Amino acid sequence: MRKITNKRAQSMKAKQRANITFRMNILFFSIFVLFTMLILRLGYLQIVKGEEYTSYLARKEEVPVNTSVPRGRIFDSEGRIMVDNLPQRAITYTKMQTTKSKEMYEIAEELSLLIEKEPDDITKSDLQDFWLKKYPEEALELVTDKERKAIEADEDLEKKDKSRAIDRLTRDRITEEQLNSFTPEELEVIAIYRVMASGYALSPQIIKGDDVKEEVTVEEFARVSERLGELEGVNTTTDWRRIKTSSLAILGSTTLPKVGIPKDRLDYFLSRDYSRNDRVGTSYIEQQYEEVLQGQKSVVKNITDGKGRVFDIQTVYEGEPGKDLVLTMDSEIQLAQEEILAEELLKYSKSYGGKYLEHAYFIMMDPYSGEVLSLVGKRVGINEDTGAKEIQDYAFGAFTNAYEVGSTVKPATILTGYREGVLQIGTSLVDEPIRIKDSKPKSSVFNRSGSIRMTDLQALERSSNVYMFKTAYGIAGSTYRANQSINFGTDAFLKMRSGYAQLGLGTLTGIDLPGEVNGSTGGFEDGKLLDLSIGQFDTYTTLQLAQFASTLANGGSRIQPHVVKEIREPSGDGIQLGKVVKEMIPTILNTVDNSREEIERVRQGMKLVYFGSKGTARSAFGNAPFTGGGKTGTAQASHFDADLWQTFNTVNLTHIGFIPYDNPEIAYALVIPDASLESTYKTNFSTPIAKRLVDKYFEIKQKNNAKSVSDSTSSSLIKPAFTNAKIDEEETE
């Protein structure tokens, strides 16, 4: 055996040490690289992806749940309740993300022993669901193995579609006898379960308490409250029902929780943190001011673990009720004028000439602020129980229906004539029958054959058609010559309609309510320019006429009308109205391109309509204790009788005015479409009706002003409703 020398042994040890050092260096370098990569990765996660992962974690572990708060209330201009919230007991259920249907059925069975639930809303699908759960073995036998294999072998179907096909086939084979075999107790369980299952995870569903016919009793509320610890997801709480004290249609309506957000606006509301079963405004004031009335819902967070189980609940935001609205209308005046218009409409609709009289509208405004002081619309309906005629509210028709309004547009025609240089203040024209080649003569009602020279004031006082016809000729750049044809062109129509629009006719008023229509224009047919000049061609809404009257009353500013006066915080004590958040200020949409003298000249002519010796409204207004001005109107119209399949000629009656003459307090418009058959028409009965409506306004104002002098009560006090009416939200569905 060869002996290893000492020198060689030392050399081997040196090599081993060098090898170990090299390996350690590699190890340390690897560790350094790994730590460097780890630090870089952590930096990337924190700096680049930090916000994304934080929000992802929040979505997984902190889920917001919105709970109901009362909607804002609606008051009239005097602080009287018009729309209120009625608190009521409610039993709710909130399912978790991991809740199984079996667990919900078990809770539904327990709840059915504690409360009574009517099975009115149960569907065939609900019955099938319960039958499949109760009889799983029998359900399997409804589809044969051969049929299952055929469906499974269909390569055109995806896996989920195959399951649906088998389920659909199974349901089709459940007999009516089997579905009708459930006991009343089982039907009650089904009714409870269907509500529980209809909601989304972490979204409370009202099991009982959202139906006026099915209120939660004190005993039910107590029994469920005692068992809350055993009924996971069940809660006892307070909900609110929307109650109206007025039938005024423009107050609008809301959905019920069982209906929730309308499908056509689902994305809109969900993007604004609404829950699917929230009440939302669906019409008029409730819809227009939805975001104000809805309020800020309280928000809690369900803290869940990795498996989606809730282990803690935290309140994030307490929430607050919706803000209150104070309207521009005094409900006492509104109701009084509604009663007058309803009475007159019913009376005239019963006459032979009024067989097609179905609607009447009246609007009163403050001409300087744009506040709508009353908005009345009535229609003739049929009582479902008695079959007799009855009057129903149709206030929204005042801005959603348009009609030919006749001579009430004549002040606009004269102002347009001034603007276009066709007329001067005091211009006189001859009122005579207008004879156009190949056409029937067109004349004023008071002058069918003679020649009467008159000024612009007299033309308004007596409502001269011919004065307007000749003004229209001038606007078209023509001069009337008897028995000649006409060729006006489109420019004349555009000038006329532009002049009208400045005053409020043929253009949207901008009212703070949805659904306003603009009326219609009849086109550019030559001969119709004359009809346009006397309100017999284009159509206008009652609201446009009221804005027109206001523009004349205030001297030429077209003010945007509004029905909401103030937005206030919810009342803190239930006695005083809350603090004003926003006060609606007058909005001038445009100023008329006429001089003050020209507008004042037209106002003088309207004053003569009321107080002139030949004024068309003198019989009703001539002895009034106030000053003012107005204009009457009649328009030829037609009504199609679907039963007789025949069209009948009718007459629309209209009236506009403002009072008092200097610094007007009110401006108003009355429209009664199809007021009479043309064959039986005798007199414009809209004028005395307008007088009654105006008189009632001043009567109530005078009474209340006298009362307020001796009453030092703050005007910001909440007052009881003017009527005892209680209209539940379900009655307006």
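*Asks:* Would you explain the overall build of the protein in this entry?
*Replies:* A tally of helices and strands in the protein yields 24 helices and 23 strands. Looking at the protein as a whole, 48% of its 733 residues qualify as buried. Excluding contacts between residues fewer than 6 apart, the proportion of contacts in the protein whose partners are at least 24 apart in sequence is 72%. For the protein, the exposed surface amounts to about 37100 Å²; the carbon and sulfur share of it is 50%.

*Asks:* Hey, could you run me through empty space enclosed by the protein in this one?
*Replies:* Left-over empty space is what a probe sized like a water molecule reveals as it rolls over the atoms. Overall, the coordinates contain two cavities of 30 Å³ or more when judged by the stated rule. As a volume, the second largest cavity reaches approximately 30 Å³. Surrounding the second largest cavity, Leu341, Glu344, Leu345, Leu357, Ala360, Ile672, Phe685 and Ile689 form its lining. Looking at the lining of the second largest cavity element by element, the count peaks at three residues for helix α14 (residues 331-349). Grouping the constituent residues of the lining of the second largest cavity by class yields seven nonpolar, no polar and one charged.

*Asks:* Quick question: what am I supposed to make of the nonpolar core here?
*Replies:* Side chains of nonpolar character tend, in soluble globular proteins, to be buried together. Counting 82 residues, the largest nonpolar core has Ile250, Ile285, Leu375, Leu529 and Val563 as the members making the most contacts within it. Once residues lying within four places of it in the same chain are set aside, the contact partners of Ile285 are Ile74, Ile250, Leu251, Gly252, Leu293, Leu325, Leu327, Leu513 and Val563. Listed in part, the 33 residues of the second largest apolar core include Leu373, Phe621, Ala624 and Phe685.

*Asks:* I would appreciate a short explanation of α14 in the present structure.
*Replies:* The periodicity of an α-helix, 3.6 residues per turn, causes residues three or four places apart in sequence to face the same way. Here α14 spans 26 Å end to end across 19 residues, near enough to the 27 Å set by a 1.5 Å rise per residue. The opening residue of α14, the one whose side-chain oxygen lies 2.8 Å from the backbone nitrogen of Glu332, is Asp330.

*Asks:* I would appreciate a short explanation of the pairing of strand β3 (residues 81-93) in the present structure.
*Replies:* Residues in a regular strand project their side chains so that they alternate between the two faces of the sheet. Relative to β3, strand β2 (residues 74-75) runs antiparallel, the two being bridged by two bridges. If you follow Ile74 over to β3, its bridge partner there is Val83. The turn joining β2 and β3, which pair antiparallel and follow one another in sequence, is formed by five residues; a positive phi near 85° is taken by Gly79. In the sheet, β3 pairs with strand β4 (residues 205-208) via three bridges, with the strands oriented antiparallel.

*Asks:* What's the story with the confidence of the model for the protein in this structure? I'm lost.
*Replies:* The predicted structure's coordinates, where accompanied by low pLDDT, should not be read in detail. The pLDDT averaged across the protein works out to 88; a share of 90% of its residues lies at or above 70. In the model, residues 56-62 has pLDDT below 50 throughout and makes nine contacts with residues more than four positions away in sequence or in other chains.

*Asks:* For this particular structure, what's the right way to read a nonpolar patch on the surface?
*Replies:* A grouping of Ile20, Met24, Leu27, Phe28, Ile31, Phe35, Leu38, Ile39 and Leu42 is seen on the molecular surface, where their side chains present a nonpolar patch of about 870 Å² in accessible area. By the secondary structure assignment, Phe35 is in helix α1 (residues 6-48). Accessibility expressed as a relative area gives 51% for Phe35, which makes it exposed.

*Asks:* Just checking my understanding: could you explain the packing of helix α4 (residues 124-134) against helix α7 (residues 159-172) for this structure?
*Replies:* Axes are the key here: two packed helices are described by the angle between their axes and the distance separating the axes. Between α4 and α7, the shortest axis-to-axis distance is 11 Å and the interhelical angle comes to 100°. One element, α4, and the other, α7, form an angle in the roughly perpendicular class. Here Ser125, Gln128, Asp129 and Leu132 of α4 lie close against α7, whose contacting residues are Asp167, Thr170 and Arg171. Split into classes, the residues belonging to the contact of α4 with α7 amount to one nonpolar, three polar and three charged.

*Asks:* Even after reading the chapter, I still don't get the packing of helix α3 (residues 101-112) against helix α9 (residues 184-198), so can you show me in this structure?
*Replies:* Direction vectors running N to C along α3 and α9 enclose 130°, while the axes themselves pass 8 Å from each other. Compared by their axis directions, α3 and α9 come out oblique. In this structure, the crossing between α3 and α9 has a hand that is right-handed. Touching Ser101, Met104, Tyr105, Ile107, Ala108, Glu109, Leu111 and Ser112 of α3 are Glu188, Val189, Ile192, Tyr193, Met196 and Ala197, all from α9. In terms of residue class, the contact of α3 with α9 is made up of ten nonpolar, two polar and two charged.

*Asks:* How should the pattern of salt bridges be read in this particular structure?
*Replies:* All chains considered together, the criterion is met by 37 salt bridges. Here Glu432 ties to Lys470 by a salt bridge, and the two come within 2.7 Å at their closest N and O atoms. Highlighted residues: Glu432 in the loop between β13 (428-431) and β14 (452-455) and Lys470 in helix α18 (residues 465-475), separated in sequence by 38 residues. A salt bridge links Glu566 to Arg568; the shortest N-O distance between them is 2.9 Å. Taken individually, Glu566 and Arg568 each receive the classification buried, so the pair is uniform in this respect. In this structure, a network of salt bridges that share partners links the residues Asp76, Arg80, Asp330, Glu332 and Lys703.

Conventions we followed
Residues numbered from 1 in each chain as written. Predicted model: local features only at pLDDT ≥ 70, side-chain atom pairs only at ≥ 80, totals over all residues. Heavy atoms only, no water. Helix = DSSP H or I, 4+ residues; strand = E, 2+ residues; numbered from the N terminus. Buried < 20%, exposed > 50% of the residue type's maximum accessible area, 1.4 Å probe, protein only. Contact = heavy atoms within 4.5 Å. Areas by Shrake-Rupley, 256 points an atom, 1.4 Å probe, with all protein chains shown as cover. 1 Å grid on protein atoms, 1.4 Å probe; cavity = no way out; pocket = protein on both sides within 12 Å on 5 of 7 lines; lining within 4 Å. Points joined across faces, edges and corners; volume = space filled by probe spheres on them. Nonpolar A, V, L, I, M, F, W, Y, C, P; charged D, E, K, R; others polar. Core = buried A, V, L, I, M, F, W, Y, C linked by side-chain atoms within 4.5 Å. Expected span 1.5 Å × (residues − 1). Polar contact = N/O pair within 3.5 Å; in protein donor to acceptor, adjacent residues only side chain to side chain. Pairing = 2+ DSSP bridges. pLDDT = per-residue confidence, 0-100. Patch = residues over 30% accessible without salt bridge, like charges linked within 9 Å, V, L, I, M, F, W, Y side chains within 5 Å. Salt bridge = Lys/Arg side-chain N within 4 Å of Asp/Glu carboxyl O. Axes fitted to C-alpha atoms, helices over the stretch in contact; angles between N-to-C directions. Parallel < 35°, antiparallel > 145°, perpendicular 65-115°, else oblique. Left-handed = near helix turned anticlockwise from the far one by under 90°.

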